[in-house]
Structures are given as structure tokens and as C-alpha cells.
Amino acid sequence: MNTVAFHTLGCKLNFAETSTIARSFKENGWQKVAFGESAAVHVINTCSVTENADRECRTIVHRALASNPETYIVVVGCYAQLKPSEIAGIPGVDLVLGADEKFNVLEYLHSLKKNEETKVMSCDIDDVVDFNSSWSSGDRTRVFLKVQDGCDYSCSFCTIPLARGSSRSDTIENVIAKIKNIVDSGAKEIVLSGVNLGDFGIRGDKHRHQDRFVDLVKAIDNMNADFRIRISSIEPNLLTDEIISVVAHSKKFMPHFHIPLQSGSNKILQLMRRRYQRELYIERIETIKALMPHACIGVDVIVGFPGETEEDFQETYKFLADLDISYLHVFTYSERDNTDAIHMSDAVPIHTRKERNKMLRTLSGRKLRQFYQQYLHTSQNVLWETADKDNWMHGYTENYIKVKTPFDASLINKIVPGELTTIDVDMLVRVNQPVYA
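Residues numbered from 1 in each chain as written. Predicted model: local features only at pLDDT ≥ 70, side-chain atom pairs only at ≥ 80, totals over all residues. Heavy atoms only, no water.

Examining the nonpolar core
At step 1: Membership of the largest hydrophobic core comes to 57 residues, with the highest contact counts inside it found for Ile179, Leu192, Phe213, Ile220 and Leu360.
At step 2: Considering every element that reaches this core, the biggest residue donor is helix α6 (residues 172-184), with six residues.
At step 3: In contact with Ile179, not counting residues within four places along its chain, are Leu145, Ile190, Ile220, Met223, Phe227 and Ile229.
At step 4: Judged by nonpolar contacts, the second largest core, of 20 residues, contains Cys47, Ala53, Cys57 and Val96. (Core = buried A, V, L, I, M, F, W, Y, C linked by side-chain atoms within 4.5 Å. Buried < 20%, exposed > 50% of the residue type's maximum accessible area, 1.4 Å probe, protein only. Helix = DSSP H or I, 4+ residues; strand = E, 2+ residues; numbered from the N terminus. Contact = heavy atoms within 4.5 Å.)

Quick notes on the sheet that holds strand β2 (residues 31-32)
At step 1: Strand order in the open sheet formed by six strands is β2-β1-β3-β4-β5-β6, and the pairing between neighbours is parallel. A strand with exactly one partner marks an edge of an open sheet, and here the two such strands are β2 and β6 (119-121).
At step 2: Bridge count for strand β1 (residues 3-8) against β2 is two bridges, and the pairing is parallel. Residue Thr3 lies in a different strand from β2, and its bridge partner there is Gln31. (Pairing = 2+ DSSP bridges.)

Brief notes about the pattern of salt bridges
When the charged atoms of two side chains with opposite charge come close together, those side chains can pair.
At step 1: Scanning the model with the defined rule gives 28 salt bridges in all.
At step 2: Glu17 serves as the salt-bridge partner of Lys146, at 2.8 Å between the closest nitrogen and oxygen. Pair noted here: Lys146 is in strand β8 (residues 142-146) and Glu17 is in helix α1 (residues 12-27), with a separation of 129 residues, a long-range link.
At step 3: Assessed through its relative accessible area of 0%, Lys146 is described here as buried.
At step 4: Two residues, Lys178 and Asp170, come together in a salt bridge whose shortest N-O distance is 3.6 Å.
At step 5: Through salt bridges with shared partners, a single network forms among Glu17, Lys102, Lys146, Asp149, Arg164 and Arg168. (Salt bridge = Lys/Arg side-chain N within 4 Å of Asp/Glu carboxyl O.)

A look at the packing of aromatic side chains
At step 1: Scanning the entire structure with this criterion turns up 10 aromatic pairs.
At step 2: Here the aromatic rings of Phe6 and Phe25 are separated by 5.7 Å at their centres, their planes lie at 85°, and the arrangement is edge-to-face. Remark: Phe25 occurs in helix α1 and Phe6 occurs in strand β1; sequence separation between them is 19 residues. Just as Phe6 is buried, Phe25 falls in that class too.
At step 3: Taken together, the ring pairs in this structure connect Phe6, Phe25 and Trp30 into an aromatic cluster.
At step 4: Its end group placed over the ring of Trp135, Arg23 keeps NZ or CZ at 4.0 Å from the ring centre. (Phe/Tyr/Trp six-rings, centres within 6.5 Å; stacked < 30°, edge-to-face > 60°. Lys NZ or Arg CZ within 6 Å of the ring centre and 35° of its normal.)

Examining the pairing of strand β4 (residues 72-77)
At step 1: Most of β4 is tucked away: six of the six residues are buried.
At step 2: Of the two faces of β4, both are covered, the one formed by Tyr72, Val74 and Val76 as well as the one formed by Ile73, Val75 and Gly77.
At step 3: Inspection of the sheet shows strand β3 (residues 41-46) paired to β4 by six bridges, in the parallel sense. Following the sheet pairing, Ile44 is matched in β4 by Val75.

Digging into a negative patch on the surface
At step 1: A surface patch of negative charge is lined by Asp241, Glu279, Glu283 and Glu286.
At step 2: Per element, the largest residue contribution to the negative patch is three residues, and it comes from helix α10 (residues 278-291). (Patch = residues over 30% accessible without salt bridge, like charges linked within 9 Å, V, L, I, M, F, W, Y side chains within 5 Å. Areas by Shrake-Rupley, 256 points an atom, 1.4 Å probe, with all protein chains shown as cover. Lys, Arg positive; Asp, Glu negative; His and termini not counted. Charge placed at Lys NZ, Arg CZ, Asp CG, Glu CD.)

Quick look at the sheet that holds strand β18 (residues 402-406)
At step 1: Read once around its circumference, the closed barrel built from five strands follows the order β16-β17-β18-β20-β19, with strand pairing classed as mixed. Strand-to-strand twist of the sheet, defined as the mean angle between neighbouring strand axes without regard to direction, takes the value 55°.
At step 2: Bridging between strand β17 (residues 392-397) and β18 involves five bridges; their strand directions are antiparallel. Looking across to β18, one finds that Trp392 is bridged to Pro406. (Axes fitted to C-alpha atoms, helices over the stretch in contact; angles between N-to-C directions.)

Honestly, it's all geometry; don't read function into it.
Next up, the structure:
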């Protein structure tokens, strides 16, 4: 039996797509093995957002070859679309597939002999118009379901539109059918995912249809099935009051939002070409908290963008410190080819970028602890997921508090109430041993 191993870099969307590619291998008689084992084929799914993407890809290729010098190496994903020639120059890579071909890996595996020259199959990103549904499977009780891909925005720092193409979506009918299949397979929680999720409704013909993201949310909420669902990440200008209201009154949608901000300075937001200002962001947070005081709210923020002065950063810091949010994902700006930002003046020194990143990560830790402390000594419904090497198991409450309890196999993939007791040094909340009946 032919064997295949996978390695994924980057976002949850990439992991969902890797899972879908892996299922196609399994359906055709291949056996999936762990990365690092002596597989006949290694598939590496790359990311364009990750810093040092070339070095990371080279390292992973080297690891694959170390496990089997004759393994056939396929590189796919965002970086493969952006820099196919660069990847083709990495010793040992046999096949590079761009955005339109990554789901067709099997069609290119006619021979598993090492190539003298790397084969590259990549089209112009403007020609990528088809939507390929994907969902993660096999690793956890939460499933990430891709319902939208690509982006029509033109943020000055971002390469994702160049790597994934224009915005396109699944249909509501297809999404509902896939959710039914996922729930029937035993999954208890689904996370709706996309590159620009709130832009749901555009098909491959590049026209907006009548469907909107809120229509999808309503259709899912009306399903006659027992599962939890989350919205992965949604732009503040696309997170409408109607969406927030549906989530607030839903028994399926969890009180958890992840809303990119990127900067608390309107000057920097304008330079980034974001489609909102800080005042709109405040409105969104206030609306959520008015309807769901217990909601968890995560925020993406970038530090060190060109032109970000110390005054601009302090404005962002104070903005975030005063905002009723739960945690931050902090990114340090790094230059990207083929973006407008790379040509901007007033670059922020690297050491200053790192200092600002550290300050916001410290703020995030304080925010998260404050959020967790509000729910100590309360009973919360927890979906128990995984065990670790120290004989603890982990799970999440409805409002996304990450918890732990001594391992109990009977709890896996069960939603069970438990009392939150203490916050450990690893920022996990201990739960009194729940009992599953």
C-alpha cells in the first residue's frame, strides 16, 4: 500500500484543506502515516503569512528527505502560488501545485520517481474562480469548515488575495448538507472558516448572489441537530448588528467572536487600507457586550507597520487597554513582496517592533486573566477534547475559556458542566472533575 505524510503551515483554513486532500488519498487506497515516517509521498501545505516561509519550507523538505531520501515531495498552498520558482529551487522538491491545482494532487502522481527537474503547475491567480469545500477531520472534536475562500480587499500589507484569489463561496445548501454529515460523524462543534468570512455570498462567476453571511448563520441556527458552532474570524465592517443579534439569541452559536483590528490608530488604519476606523470597532464591541456580557472577544493587531510612531503605538495600546475584549493575537509587521506597504517610508526598526509586540502580548495576558477570573467558581458547559502527555485533558467552555481536568476517557467528545476553580500558570483553568452520566 502506498503511504503519504502531510505537514501543514499556517492558518486553520490550511489545516482544513490538508484534511480534505488527505481524505482524497485515503479514498484512493493510500495509507496516511505520521510526518517523519518513511512515506512514499510527502505533501507540504505552505503559508504566505508565516515569516521566513522559504526557510521553513526548506527545513520541512529536509526532514522529509531524512525519513526517506526517495520520498516524492509535493509542495502546495499559498507560498506555492506566490513563489513557485523559489520552491522549485529547493533540492528534493518534485512537484509544486498552485492554488487551482492543490486539490488535484493525485492526478499528478503517475510516477513516484524523483524528478531531475521540479514540475510546477501554477496558473495566474485571476484564473482561480472555483470554490473547493474543505473541513478538518480526525484530530479533534471541533471541525473547521471552510465556507468561503479568497478576498477582494486590498489591504496594503497583505498577500493573501495574490495567494488565494478573489472572494468566492459555497452555497448555503451545500454548507447545510456538509454540517449534517459532520455532525452525523460525531463532531460536537464546528467552526465556520474563510479568508474573508463575512463576504460570504459570492460565487465563482464573481457576482454577488442574494445569499449573505447572515442568511447562512440563520439557516444553520434553524437546523434540527445538536451541535455547537463558532464564527472563526470576521471583519468589523462585515459584522452587522443583525449577525450579532442572531448569535446572541441562538442556542447553537457560541458567544465568541474574533474580530481583526490591526491598529487602534485611524492614521495607521488608513495606511493599511482597512475598511473601517476605530470608532466602528468600538460600536461592534459595545453591541456584542450589551447583548452578550459573557462573550469572549479576540482581536488581531499588527505592530510596527511603516509610519507607526511611538504616539501611534501608544494610541493603539490605550485603545486596547480600555476596550472590553478578552485576548489579543499580536503580529509583528514584516515586509512582504508584491505589497504596497513594502514601498512605504518610515520603516519601524526591528527592535522597536519586537518591543511593541512584547508590550501587547503582556497586555493580552492581563486581559485574558481578567476575563477568566470573572467565571471562577461558576459552572460552565465544557466540550472535552484532548489529552496531553501529563495526563490532563483539555476543553473549551461555550465562551471559549480553555480548561483542563485530570484525564478521563469517558469525557472525550462530551459536553459536560463543570465548576471552574483556579487559573494555572499555563493560563488554563482547572475544572473540578466532572462526571459524565
